[in-house]
Amino acid sequence: MAVAAAAVIVPLGVFFFVSGLIVNLIQAILFVVVRPFSKNTYRRINRMVAELLWLELVWIVDWWAGVKVQLYTDPETLEMMGKEHALVIANHKSDIDWLIGWVFAQRSGCLGSTLAVMKKSSKFLPVIGWSMWFSEYLFLERSWAKDESTLKFGLERLKDYPLPFWLALFVEGTRFTQAKLLAAQEYASSNGLPVPRNVLIPRTKGFVTSVSHMRSFVPAIYDMTVAIPKTSTPPTMLRLFKGQPSVVHVKVKRYLMKDLPETDEAVAQWCKDLFVAKDELLDKHKSNDSFPDSELHNIGRPVKSLMVVVCWASLLVFGTLKFLQWSNLFSSWKGFLVTGVCLGVVTVLMQIMIQFSQAERSNPSKVAPSRTTNGELDKKQ
C-alpha cells in the first residue's frame, strides 16, 4: 500500500473497524440476550444495527468516491423492489458488485435484511464477516457433498424471516476476468454450448436448489446485469477508499418464481438461457454504452448514509478525546508504541479486506464447470 494511499485509507480503516467492532458487540449481545427468546425480534433489531455498519460502505460509494450508479428497469420492477422477498442473481463483473447491490437495497429500504451466499472464509473477516454471520448470511465451502445440506438448512431458516429480504447468489461462481472467459469459451466450444463473450458459464446446482426451496415463500427473482461504460474506469475497493469515482450501469429485470419451470433440469436450463440472453444484452451495451431498451431511473444519493457517518464520526471523536484525556496515552513512549501497533493492525486489516475483494482473479482452470449434470455449486466469491 503506497504512502499516499495509506494516508487516506488508514484513517478510514480506523473509523470503519472501531465503529464496526461496536456494531459487532451490540450484535453479540442481542444474539445472546434476545435471540434465544424471540428470533424474529432479534432479526428486526439486528436489521437496524447491521444497517449502521453497511451504511458506512454505502457512504463510501455515494459520497466519498462519488460512484454514479445508474439503474435501468421497468416501473413495475422499481415499484416492487424492497417490498417482497427476492432471490437476486447477477453477472459478477467487478470487485464491488456486492456493494452495488447494497446501494440498491439501501434505496429500496431493505439494506439491513440483504443476505448473500458467501464462501466460508468470509465469516472470519474482522467486523464485516462477523456482522454477516450475525445477520444470517449463508457460508459455504467448495464441496457440494458438504454444502448441499448447509445450503438447504440456510434456505429453510429464511422461511419465517419477518421482513422483506434479498438473497444474492452469483451463479457464475467467480469474478469475470479475461483469463476465466478464455477458459469458459474453450469449455463451451468443446461441449457444443453457446460460446460466451461477456459472461462466464453459470454453475446451476446452487441456483436450482435455491429455487426449489424458495418457491413457496419467495415470489420473485431479480436478475441484475452489471456493465461498465467505456468512458469509466471499473470500480475496485482500493479506488473507492482512495475516493476515485466510477460509473456503473445496472439493468434489473423481475421474474416471477411461479413462472419458472417445475423440474430441476428445466430450471437449470432456464438459468443457462438467461445468461445467453445476458451475454447478448451486454453486446448491445457495448455498442450503445447504455441499455437502450430499458428506462433509466434516477436513484439519487440519499443523505441517510451521510448522516450516519457524521454521527459515528462525532461519537468516535468525542470518545477518543475522552479516552486520551483519561489515559494520558501519549505521555510516554509506551503510549506511542501502542498507538503505532494499533495503526499497523488496522493497515494490515484494510489490506486484507482489499485483497479479499480481489480474490479469485487468478487460477482460471477452475472456471470451467464440472461435467456433472448441473455443474458445480453457485457461490458468491
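Small disclaimer: the values here were computed from a predicted structure and weren't measured. (Residues numbered from 1 in each chain as written. Predicted model: local features only at pLDDT ≥ 70, side-chain atom pairs only at ≥ 80, totals over all residues. Heavy atoms only, no water.)

Caption draft 1: Inspection of the overall build of the chain at higher detail. What the chain contains, in helices and strands, is twelve helices and eight strands. Burial analysis of the chain (381 residues in total) assigns 53% to the buried set. Put simply, the chain shows about 17,000 Å² of open surface, and 63% of that area lies on carbon and sulfur atoms. (Helix = DSSP H or I, 4+ residues; strand = E, 2+ residues; numbered from the N terminus. Buried < 20%, exposed > 50% of the residue type's maximum accessible area, 1.4 Å probe, protein only. Areas by Shrake-Rupley, 256 points an atom, 1.4 Å probe, with all protein chains shown as cover.)

Caption draft 2: Summary view of the nonpolar core. With 103 residues, the main nonpolar core has Trp102, Phe104, Trp166, Leu167, Phe207 and Ile221 as its most contacted residues. Looking at which element gives the most residues to this core, the answer is helix α2 (residues 39–64), with eleven residues. Formed by seven residues, the second largest nonpolar core is a distinct cluster that contains Phe176, Ala184, Tyr187 and Ile201. (Core = buried A, V, L, I, M, F, W, Y, C linked by side-chain atoms within 4.5 Å.)

Caption draft 3: Main features of unusual backbone geometry. In this structure, valine 127 takes a positive phi of about 70 degrees despite not being glycine. Relative to the helices and strands, valine 127 is located in the loop between β3 (114–119) and α5 (128–134). Residues other than glycine seldom take positive phi values, yet glutamate 136 does so here, at roughly 75 degrees. Here glutamate 136 is to be found in the loop between α5 and β4 (138–140).

Caption draft 4: Inspection of the pattern of salt bridges at higher detail. Tallied over the full model, the rule gives 17 salt bridges. The closest approach of N and O atoms between glutamate 136 and arginine 157, which form a salt bridge, is 3.6 Å. Within this pair, whereas glutamate 136 is found in the loop between α5 and β4, its partner arginine 157 is found in helix α6 (residues 144–157), the two being separated by 21 residues in sequence. The salt bridge partner of aspartate 279 is arginine 197, with a shortest N-O separation of 3.7 Å. (Salt bridge = Lys/Arg side-chain N within 4 Å of Asp/Glu carboxyl O.)

Caption draft 5: Summary view of the UniProt feature "transmembrane region" (unreviewed entry) in the chain. According to UniProt, the feature "transmembrane region" (unreviewed entry) maps to residues 6–34, 306–324 and 336–356 in the numbering used here. Taken end to end, residues 306–324 has its terminal C-alpha atoms 27 Å apart, with 100% of it in helix and 0% in strand. (UniProt positions renumbered as here; feature names shortened; annotations may be inferred.)

Caption draft 6: Looking closely at the sheet that holds strand β8 (residues 295–297). Spatially, the eight strands line up as an open sheet ordered β4-β3-β5-β2-β6-β7-β1-β8, and their pairing is mixed. This sheet does not close on itself; its edge strands, each paired only once, are β4 and β8. The mean inter-strand angle of the sheet, taken between neighbouring strand axes irrespective of direction, is 25 degrees. Pairing between β3 and β4: three bridges, direction parallel. Directly across from valine 117, in β4, lies its bridge partner leucine 138. (Pairing = 2+ DSSP bridges. Axes fitted to C-alpha atoms, helices over the stretch in contact; angles between N-to-C directions.)

Caption draft 7: Main features of helix α10 (residues 264–288). The terminal C-alpha atoms of α10 lie 36 Å apart, and with 25 residues this matches the ideal 36 Å at 1.5 Å per residue to within 8%. Of all the positions in α10, only Val267, Ala268, Trp270, Cys271, Leu274, Phe275, Lys278, Asp279, Leu281, Leu282 and His285 are classed as buried. Of the surrounding elements, those touching the buried residues of α10 are β2 (86–90), α8 (205–214), β6 (220–227) and β7 (247–256). (Expected span 1.5 Å × (residues − 1). Contact = heavy atoms within 4.5 Å.)

Caption draft 8: Broad picture of the environment of phenylalanine 275. By the element assignment, phenylalanine 275 lies in helix α10. Spatially, the C-alpha atoms of phenylalanine 275 and asparagine 91 are 8.3 Å apart, while their sequence positions differ by 184 residues. Residues in contact with phenylalanine 275, not counting those within four places in the same chain, are Ala90, Asn91, Val171, Glu172, Val199, Leu200 and Pro202.

Caption draft 9: Seen up close, a nonpolar patch on the surface. A cluster of nonpolar side chains, Leu25, Ile29, Val32 and Val33, forms an exposed patch at the surface whose accessible area comes to about 390 Å². Mapped onto the elements, leucine 25 comes out in helix α1 (residues 3–33). (Patch = residues over 30% accessible without salt bridge, like charges linked within 9 Å, V, L, I, M, F, W, Y side chains within 5 Å.)

Caption draft 10: Looking closely at α6. Between its first and last C-alpha atoms α6 spans 19 Å; for 14 residues at 1.5 Å apiece the expected length is 20 Å, and the two agree. Taken as a whole, α6 has its buried residues at Trp144, Asp147, Leu151, Gly154 and Leu155. Relative to the axis of α6, the buried residues are bounded by an arc of 95 degrees and lie together on one face. Away from its buried face, by an angle of more than 90 degrees, α6 presents the exposed residues Ala145 and Phe153. For α6, the elements touching its buried residues are β4, β5 (166–169) and α8. (Arc of directions from axis to C-beta.)

Caption draft 11: A look at the pairing of β5. Neither face of β5 is exposed, since Trp166 and Ala168 on one face and Leu167 and Leu169 on the opposite face are all buried. Sheet topology places β2 next to β5; four bridges connect them, and they run parallel. Within the sheet, the bridge partner assigned to isoleucine 89 lies in β5 and is leucine 169. In this structure, β3 lies alongside β5, joined through three bridges in parallel fashion.

Caption draft 12: Layout of the pairing of β3. For β3, the buried fraction is high: six of the six residues fall into the buried class. For the crossover that starts at β3, traverses α5 and ends in the parallel β4, the hand is right-handed. (Right-handed = clockwise from strand over helix to strand, strands pointing away.)

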